[in-house]
Amino acid sequence: MIVENRHSRAHVDVPLILLVFSLAVFGVLAVCVATYTVDSAPTGSLLNRIVESSYAVKQCVFLALGPVVLSVLLLIPYDFLRRYTPIFYWGGTIFLTLVWVLNRAEGVKAWLDIIWGMTLQPS
């Protein structure tokens, strides 16, 4: 049975989370600008240009998934994570070994192809 007390719950640093999220939004905008082509129609809002860029859409998907994953992780008590630390360690080691063996993500050796052209960096 998992016993929760004040020390086993996560402390949420709201200003830090907001700063990280704003940097992530800036990163999506940077990807949008970096993938902008001159052939694109000059008329259109920034939202239309983001939707036209497949890289920016992928970044937006992960930007939307980030707070959901963070919320789920914050619900897990620290004692549970401490108890299963060896499993997480060996799981991470296996992921790193998979990257070492199957490093075919468009020539980049630190990324692993997962599904639908999405990649994962386990390190």
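You'll find the structure just up there.
We now turn to the structure provided with this report. (Residues numbered from 1 in each chain as written. Predicted model: local features only at pLDDT ≥ 70, side-chain atom pairs only at ≥ 80, totals over all residues. Heavy atoms only, no water.)

### A few points about the overall build of the protein chain
Per the secondary structure count, the protein chain includes five helices and two strands. Helices and strands appear in the protein chain in the N-to-C order α-α-α-α-α-β-β. Within the protein chain, the fraction of its 123 residues that count as buried is 11%. Within the protein chain, counting contacts between residues at least 6 apart in sequence, those at least 24 apart form 44% of the total. (Helix = DSSP H or I, 4+ residues; strand = E, 2+ residues; numbered from the N terminus. Buried < 20%, exposed > 50% of the residue type's maximum accessible area, 1.4 Å probe, protein only. Contact = heavy atoms within 4.5 Å.)

### Quick notes on the pattern of salt bridges
Considering all chains together, one arrives at one salt bridge under this definition. Asp79 is paired through a salt bridge with Arg82; the nearest N and O atoms lie 3.8 Å apart. Of this pair, Asp79 and Arg82 both sit in helix α4 (residues 78-83), three residues apart, which is roughly one turn of the helix. (Salt bridge = Lys/Arg side-chain N within 4 Å of Asp/Glu carboxyl O.)

### Here's the deal with helix α3 (residues 54-74)
Taking 1.5 Å as the rise per residue, α3 with 21 residues should run 30 Å; its terminal C-alpha atoms sit 31 Å apart, in good agreement. Considering bend angle alone, the principal kink of α3 is centred on Leu65 and spans about 25°; proline Pro67 follows within four residues of it. (Expected span 1.5 Å × (residues − 1). Bend = angle between axes of the 7 residues up to and from the residue.)

### What about the pairing of strand β1 (residues 112-115)?
Note: β1 against strand β2 (residues 118-120), three bridges, orientation antiparallel. Along β2, the bridge assignment pairs Asp113 with Thr119. (Pairing = 2+ DSSP bridges.)

### With respect to the packing of aromatic side chains
Aromatic rings in a pair are described by how distant their centres are and how their planes are angled relative to each other. Under the counting rule described, the total for this entry stands at two aromatic pairs. With 4.8 Å between their ring centres and 55° between their planes, Phe80 and Tyr84 make a pair best called tilted. Taking relative accessible area as the criterion, Phe80 reaches 28% and is therefore assigned partly exposed. The exposure class of Tyr84 is partly exposed, given its relative accessible area of 34%. Their ring planes at 80° and their centres at 5.2 Å tell us that Tyr89 and Trp90 sit as a pair that is edge-to-face. Here Tyr89 and Trp90 have matching classes, each one exposed. (Phe/Tyr/Trp six-rings, centres within 6.5 Å; stacked < 30°, edge-to-face > 60°.)

### Concerning the environment of Pro67
Tracing the backbone shows Pro67 in helix α3. Distance in space between the C-alpha atoms of Pro67 and Phe21 is 8.7 Å, their sequence separation being 46 residues.

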